[in-house]
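Below are the chains, spelled out letter by letter.
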Amino acid sequence: MEAKITLLPGDGIGPEVVNEAVKVLTAVAAQHTHTFTFTEKMAGGIAIDETGDPLPEDTLGACLESDAVLLGAVGGPKWSDPKAAVRPEQGLLKLRKSLGVFANIRPVKVFAALADASPLRPERVQNVDIVFVRELTGGIYFGQPQGREMVDGLRSGHDTMRYNEMEIKRVVNVAFKLAQGRRGKVTSVDKANVLASSRVWREVAHEVAAEYPDIEYEDVLVDAMAMYLVNRPGDFDVVVTGNMFGDILSDEASMISGSLGMLPSAALGEGMLGLYEPIHGSAPDIAGKGIANPLATILSTAMLLRSSLGLEEEASKVETAVSQVLAAGYRTADLARGGETAVNTQEMGDLVVKAL
Ligand code: NAD
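So, here is what we can say about the structure in this document.

**Looking at the environment of Val239**
Within the secondary structure layout, Val239 lies in strand 10 (residues 238–241). Val239 sits in the buried class, given a relative accessible area of 0%. The sequence separation of Val239 and Ser250 amounts to eleven residues, and the corresponding C-alpha distance is 9.5 Å.

**Looking at the site of the ligand**
In the region of the ligand, 20 residues are neighbours, and Val74, Gly281, Ala283, Asp285 and Asn293 sit closest. Here an oxygen atom of the ligand sits 3.0 Å away from a polar atom, N or O, in the main chain of Ser282. Between an oxygen atom of the ligand and a side-chain N or O atom of Asp285, the distance comes to 2.8 Å. If the ligand stood free it would expose 810 Å²; the protein chains cover 67% of that surface.

**A few points about the packing of aromatic side chains**
Applying the stated criterion across every chain, the model contains three aromatic pairs. Ring geometry for Tyr163 against Trp201: centres 5.3 Å apart, planes inclined by 65°, an arrangement best described as edge-to-face. Residue Tyr163 is located in the loop between strand 7 (154–158) and helix 6 (165–180), and its partner Trp201 is located in helix 7 (residues 196–210); the two are separated by 38 residues in the primary sequence. Taken as a pair, Tyr163 and Trp201 share a single burial class, namely buried. Ring geometry for Phe176 and Tyr217: centres 5.9 Å apart, planes at 20°, overall stacked. Of this pair, Phe176 sits in helix 6 while Tyr217 sits in strand 9 (residues 216–221), placing them 41 residues apart in sequence. Look at Phe176 and you get buried, because its relative accessible area is 0%.

Procedures and definitions
Residues numbered from 1 in each chain as written. Predicted model: local features only at pLDDT ≥ 70, side-chain atom pairs only at ≥ 80, totals over all residues. Heavy atoms only, no water. Helix = DSSP H or I, 4+ residues; strand = E, 2+ residues; numbered from the N terminus. Buried < 20%, exposed > 50% of the residue type's maximum accessible area, 1.4 Å probe, protein only. Near = heavy atom within 4 Å. Polar contact = N/O pair within 3.5 Å; in protein donor to acceptor, adjacent residues only side chain to side chain. Areas by Shrake-Rupley, 256 points an atom, 1.4 Å probe, with all protein chains shown as cover. Phe/Tyr/Trp six-rings, centres within 6.5 Å; stacked < 30°, edge-to-face > 60°.

Structure representation (structure tokens):
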């Protein structure tokens, strides 16, 4: 197979972890005689510094022409002034919108070798295998009007949370299709007791659920879900929710696995082109030290191989290689417990390539 992959290493630890992911993709290509062509482009803070735009036209053009996009992370203290007119996150939101990737898929799975890394008791995290489906291109992060103004002499700000039935239907459908290939349960999370947009969400979600009689379905309010993820995370299979609730809950759930450095994600739309990235940010506190955990980005490449290139066997091989390296006791600094020696970013990437 021939595939064009655009790389957006971004800021902070982004370039460090993307480097290791490329090593893994290169090894997969060599093993299976595929040709992957990598094109690296600027995005985020580095793009603001160089061009004044967090998503230059040239970057967006390359992404739109490729089969898949692999992103490291964007942002950092240098660009985080809330009053700045241009911010790295704007580039990310524009990229998601332009690629039409409306469903963010975030698996949260506890690797057996890392059960003791979870802040929850081992018996709570046994069997945790959740896939979050977060709506990514609508809701309060995009709703207009949005802005700040003086109201009665006081500084005020406002945002708009709006969903239409098309946006809800397509993302809830993604959740049901995923559940069919898994344990057959969908949990839809909303705040229908308070928010009008959530009442529309729930109504449409029920209509979609009626088309999948083989799938168990439940509604859960977002505040209750925040509790359930801590006291019974093993009960959930596929969880679907809006943009802001999904942002918050999937970060909460990510902690179940013990480290942000382990969790991959995919953003998908109607076609095969997807955007793949670790769920963590640019980790400015450890950037440049060579100690970042590259596994979330490497596991993102497994999702890329599976969902954008249709290479299931290769994707499984990458996931198995990561499990084997962890089972053999290798840990980066974020995972190492008292007394364990940590390997650095490059060593972890090399170990995965070796296991492949
Ligand atoms: P973060 O995810 O960057 O870091 C949180 C903590 O987790 C830090 O202590 C960090 O060292 C650690 N960590 C994260 N990834 C790690 C890895 N791979 N290996 C080891 N440790 C890791 O979140 P933050 O500190 O809130 O945000 C830092 C910057 O990243 C901000 O500018 C934020 O806007 C940005 N951000 C970007 C994205 C993205 O690009 N998609 C996502 C989240 C945050």
